[in-house]
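Structure at a glance
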Amino acid sequence: MIPIKLEIEGLYSYKSKQVIDFNQLTAAGLFGIFGAVGSGKSSILEGILLALYGIPDRLLIRERSSLLNLQSDKLLVNFYFFAGKGNSKEYLARYEAKRNKKNPDKVDTGDHGIYLKSGESWARIEESAESVVGMKKEHFKQTIIIPQGKFREFVELGPKDRAEMMKELFGLERFDLYDKTVRLRAVTKDRKLELSTRIDTLGEIAPESIPTLKAELTEKSELLDKEKELLEAAQKEAERQESLFKSFENWKNLKSKWESIQQLKPSMDEKKKKYRDYLMVKSEIKPVFDKLQEEKLEVEKFSRSVAVCKKAKANFEESIIQKEDEHRQLQEDVNRNPAREAKIRDFKRIILIKGHLEEKEKVKKVVEDCALQSESAKKTLNTLKAKIQKTEQESEDITLPDQQQLTQLSTVKNLCAEAEKKSHETTMRLEKETKALEDQKSKAQNLKLNLPTGFENFKDWSQNTEDKLSILAKKREKLIIRIGLLSHAHTLQNGEPCPLCGALEHPHPLNQSTEDSELSELDEKIQMAQLEIKRAGHLEGELNLVNQQIQNHQKNSAQLEEEVNKLNHDIKSYRESIGSFGLSDMEALDLFLDAAKQNAAKKNQLEAELKRLRKEAETAIETKEKADTKSQNAKAELEKLNSLIADKNSQLEYPDFSKKYLDQQVTELQMQIQNTEAAILTLKNRLESKRKALEDERLKQSENLTELRTFSESLETSKKNVAKLELEFESSIQKNGFVKDSYFYQLLENDMDADKADKEIRDFERQLTETKTRLEDLEKIPGLLEFDPDKKEQANAKLKEVETKAEALQKEITLIHKQIEETEEKLKLLQSLQEELDKTEKRLSYLDELANLFKGKGFVQYISSIFLREICHTANKRFMQLTKNNLSIETDEQNTFLVKDYLNGGNTRLLKSLSGGQTFQASLCLALALAEKVKSLNQADQSFFFLDEGFGALDKESLRVVFETLKSLRHENRIVGIISHVEDLQQEISAYARVELDPEKGSQVGYSF
């Protein structure tokens, strides 16, 4: 994980929003966060942990009200960081909580979430910080960000807790293989029993029967070959008879068809003659006849058209005379429109004059109203000036105490009241914690009563029951094998060898009912043991939970008691501080503050009244000025209106006519204008319409005359064509040898389907030829005319007889083949099952050995020891340098940290025996080694390590060596942050952030760059 930016607002001493930008700090490799004690340095780590895990580090969840700055209404922490494989993804951890609006002393439940950056937007994800960062909060505080006082925690952990931490931190539970091995062993045992049972079910197999079956197969195959030769000859004869039979049947059908065709021949000859005459008439005479009929229709059509045109000529002449007269009358009326338009202009001027007269009356009224408003505003202004003078004097007579002194006294009073309230609340919470502690202790004693006699703890009880369960499981496995042998028990006969041991006598064969009863009893015991183990584990878990709760209650009680004492001390200090202001006690303070409050309220009231009166005076002045200005503007408007009225009167074109309408309403005048305009427009439209109608009529008259000439000429031409075509028609009849009888007119007027008739004739002739040819071809086949049906039946009977014999032989051969294949397959299966059984038995022996190795999580402890030794080896590279090769860190078989002292002959002693400075050095080296192991586990190219420690336990030389060690980490692509108040470190580190506590603004963050 690599930090990018931290935003804090409302957390502890951070009153206003502060931003810690890690980009330039982490770029230096080694950076610091410095400030005086209590400035808010450690709150930065508290904010990171709160944003990531949503849980405060120094307080309980229910004490979150103490997280929020007393002068803030909201707590907000945004932590931006890189994480994931190779630190390739950007995340945002966010925590927000707000003060309860109804009860300001309480803080509502906070909103906590993790966001992943996608493009330019953030998306909330369901993953927790434990999943994103890869470790729990406790481990995060021991390996990445180490808060104040937690630095030595990894060293001081007990062996069991340290092993559990290593297991969770590095995922060592994957090496807990006992359960997997036991399950795999059970599956292997079931497979062994299944293989043995399948081998037994195969029974006796006789390999010597295969050669006998193969000899019999050869003999039957030779007989089958002879039968196939007879079958082939019989099939050929049957096919020849069948072919002859089909040809004979075909010959009979064609003979019958030939006779039918001969009967149809006379009618087809007559149809052929009629078809040829039709073609002659259609090609030579019919075209002339059709043209003659068409020309006669043209003569009739043109005669009708000439008559219609002559009638239309007379109608057009009469209509044009009438339309010319109407057009002349409308033109005379339109010529009078200019006079009408002049009157319209006068009507519009009259309307404007009336509007100016009405506006003139309104402006006169405005001048009168403005004079009244100006006088009223003047009287109001004089009254307000007198009131303002009186109120200013009353306000000057009131004196107020010093504001700074008043603020200090109010602050003391509020702090004292808040401390008393918190003291009461904390005392109540302390009583609840004490009662809860006693309840949990009583609950722990009750849980221990469930422990059976002879056991010190639930773990020993569970382990003892697991050992019993293992013995019962082994007994059950043996019993299962014996039950599997029951399938052979019924085959034992005295005097015959046992297939398993070879004994000739069998005094005590296995009994089905006895074995089943014993198996049922064992299953019941195993089930009881499993329930006992489950119960022991459940009780142990409950007891551990209760003990943890007892520790929490004890810790909370101590914190609450300390908080009550601190609050009582603060209350006493507040009460003593008011004496410096000349006040005897809190009651005198209340009286002083109340009097000051009342005077301030009265003065504020007078100031507000004074402000109101001044504002009213300003309003009166403004009202008077506006009224005077408005009056002047109105008088100017009157002069302008008089000028406009005189101008419009001079523009009237018919003054005597127009002035009669001054008394009429504007709507009536507008109606006169609209009517006159409509009359003018109507006359223009009617004149244009008459003109267009006259032009259209003349155009139609011209077109009609043209059509009359054209139709007359076409009529004469068609009459000449009719006479010519009648002569041509008579000549064509005589030329082709026809006479005008009914047969000729039938051919001429009726249509024949020539294609259909031609097709019928050609189909008949083709059918006649084909039938004759096919009859001749069939009669050439040898033996056709002498065909005997009895010979066909005899050939089919012979074929069926031979086929039956061949099928019987084929079935016998197939059965022998199947017997040979089944025997060979059984032999192969038996060999395969036996080989697999041998492998399974060998695998089962290996799994038994592995189960013994993995039992009791010993393998996990072994792997944990290896990881811990690797961490010690990495830590010694720095620790030996810090101690000048005098000390190194080791672990014993119980994973307890030891120190090898080379100044005392290389003897080992507990790490706890080191001095404070040496313990710090060892803790630093182990923490760095542990962080390096986590870095390699996350496959990150950079790692981050944050240390909140004062370094006060180190002398100057040790401090120099530690600092050089930290600086060397930059060459290992590692980022190290230090929180401290030690001045020597501040002088050595170039990139740092400085935290200062401002009394008004709270903690403020600055930078060295």
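Residues numbered from 1 in each chain as written. Predicted model: local features only at pLDDT ≥ 70, side-chain atom pairs only at ≥ 80, totals over all residues. Heavy atoms only, no water.

Take the sheet that holds strand β11 (residues 907-910) next. In spatial order, the strands read β9-β10-β11; together these 3 strands make up an open sheet with antiparallel pairing. Pairing within the sheet leaves two strands with one partner each, and these edge strands are β9 (887-891) and β11. Strand-to-strand twist across the sheet, computed as the mean angle between neighbouring axes with direction ignored, equals 35 degrees. Looking at chain direction, strand β10 (residues 897-901) and β11 are connected through 4 bridges and run antiparallel. Its bridge partner being in β11, Val 899 is matched across the sheet by Arg 909. Across the sheet, helix α19 (residues 858-882) is in contact with β9 and β10; its angle to β9 comes to roughly 175 degrees. (Pairing = 2+ DSSP bridges. Helix = DSSP H or I, 4+ residues; strand = E, 2+ residues; numbered from the N terminus. Axes fitted to C-alpha atoms, helices over the stretch in contact; angles between N-to-C directions. Contact = heavy atoms within 4.5 Å.)

Attention now goes to the pattern of salt bridges. Under the counting rule described, the total for this entry stands at 33 salt bridges. Notably, a salt bridge pairs Glu 677 with Lys 348, separated by 3.8 Å at the nearest N-O pair. Here the residue Glu 677 occupies a position in helix α15 (residues 666-735), and Lys 348 occupies one in helix α9 (residues 337-396), the gap between them amounting to 329 residues. On the basis of relative accessibility, which here comes to 43%, the residue Lys 348 falls in the partly exposed class. For the salt bridge of Glu 622 with Lys 626, the shortest nitrogen-to-oxygen distance reads 3.2 Å. Separated by 4 residues within a single helix, Glu 622 and Lys 626 lie in helix α13 (residues 586-650), roughly one turn from each other. What you see here is one network of salt bridges that share partners, running through Lys 759, Asp 763, Arg 766 and Glu 770. (Salt bridge = Lys/Arg side-chain N within 4 Å of Asp/Glu carboxyl O. Buried < 20%, exposed > 50% of the residue type's maximum accessible area, 1.4 Å probe, protein only.)

Below, the discussion takes up the UniProt feature "coiled-coil region" (unreviewed entry) in the protein chain. With numbering matched to this structure, UniProt assigns "coiled-coil region" (unreviewed entry) to residues 214-244 and 519-850. Helix makes up 100% of residues 214-244 and strand 0%, whereas the separation of the span's terminal C-alpha atoms amounts to 45 Å. Between the C-alpha atoms that bound residues 519-850 the distance is 27 Å, and the span itself is 89% helix and 0% strand. (UniProt positions renumbered as here; feature names shortened; annotations may be inferred.)

Another aspect to go through is the packing of aromatic side chains. Summed over all chains, the structure comprises 8 aromatic pairs. Aromatic side chains Phe 81 and Tyr 91 sit 5.7 Å apart centroid to centroid with 20 degrees between the ring planes, which places their arrangement in the stacked category. Of this pair, Phe 81 sits in strand β4 (residues 74-83) while Tyr 91 is found in strand β5 (residues 89-98), placing the two residues 10 residues apart along the sequence. The same class applies to Phe 81 and to Tyr 91, which are both buried. With 6.5 Å between their ring centres and 35 degrees between their planes, Phe 302 and Phe 711 make a pair best called tilted. Pair noted here: Phe 302 is in helix α8 (residues 209-334) and Phe 711 is in helix α15, with a separation of 409 residues, a long-range link. We classify Phe 711 as partly exposed; its relative accessible area is 23%. Taken together, Phe 22, Phe 31 and Phe 946 form an aromatic cluster joined through their ring pairs. (Phe/Tyr/Trp six-rings, centres within 6.5 Å; stacked < 30°, edge-to-face > 60°.)

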